[in-house]
Amino acid sequence: MIPRAVVFILASAALFGSEREDPLTYDKTILVGVGRKVVHVTIEKAPFWNAPSRLAVKNGHLMIDGQRPYGIDATGKSDPRSLPRFEIVRFSVRFADKEVKIPLRAYSMLFNPWLQPRAGLWDDSGSVLALASADGRSVVITLSGSDSAGAYNAIIVVWRDGSATLFVDDSTP
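Small disclaimer: the values here were computed from a predicted structure and weren't measured.

So, how was this worked out
- All chains use their own residue numbering, which begins from 1 and follows the written sequence.
- Totals for whole chains, interfaces and linings use all residues, but because this is a predicted model, local features are given only for residues with pLDDT of at least 70 and pairs of side-chain atoms are given and counted only at 80 or more.
- Water and hydrogen atoms play no part in the side-chain values, which are based on all heavy atoms of the structure.
- Strands qualify as paired when DSSP identifies two bridges or more between them.
- Numbering of helices and strands runs from the N terminus; a helix is a DSSP stretch of H or I covering at least four residues, while a strand is a stretch of E covering at least two.
- Lines fitted to C-alpha atoms define the axes here, with helix axes fitted over just the stretch in contact, and angles between the N-to-C directions of these axes take values from 0 to 180 degrees.
- Think of a polar contact as two N or O atoms within 3.5 Å of one another; within protein, one of them needs to be a possible hydrogen donor and the other a possible acceptor, and neighboring residues in sequence only count if both atoms come from side chains.

> Would you explain the sheet that holds strand β5 (residues 86-95) in this entry?
In a beta sheet, neighbouring strands pair by backbone hydrogen bonds and run either parallel or antiparallel. Pairing is antiparallel across the open sheet formed by four strands, whose spatial order is β1-β2-β5-β6. Taken across any chain shown, the strands that pair with only one partner, and hence form the sheet edges, are β1 (25-32) and β6 (98-101). Averaged over neighbouring strand pairs, the angle between their axes works out to 15° when direction is ignored. Two strands pair when backbone bridges link them, and β5 and β6 are joined in this way by four bridges, in the antiparallel orientation. Each residue of the ladder has a partner; that of F95, found in β6, is K98.

This is how it looks when you write it as structure tokens:
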């Protein structure tokens, strides 16, 4: 006879499994329209570079590079658990023959991004999705991130001319 504790542990592992490991890079090629223009999106994250000059506390909240960070529980720099684990180090979009480097201001406050690809807007198992416009002149990227306490959902719109707009929702239900 198998002890109950062993059965429970086996059932838990079978039911819940282990989380998928989050990749360090999101790399997506999108074919657009009849002419099959190509739009390529790359997002890369790396461990957070913890330089004291990057950190400050303002009104009791952690600021990184002078900005309010998303994706962390920013309660103060004295608690190392408040610091991000990851930051975005590369974010680029290639429109057919033109490489666009996304302006740092469009993503520098987004920490701990999850880079699990989504298959489409209907897919809630992933966390990042890139959709190109029908004419191939812009791209909408949805991105989520969190340290488990401070979560966000972001939408970044990137145009072929290099401009970008960021929308962030960090509200909690």
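> For this particular structure, what's the right way to read the environment of Y152?
If you trace the backbone, Y152 turns up in strand β10 (residues 152-159). Taking the C-alpha atoms as reference, Y152 lies 5.9 Å from G71; in sequence the two are 81 residues apart. Among the polar contacts listed, one links the side chain of Y152 to the backbone oxygen of F111, at a separation of 3.2 Å.

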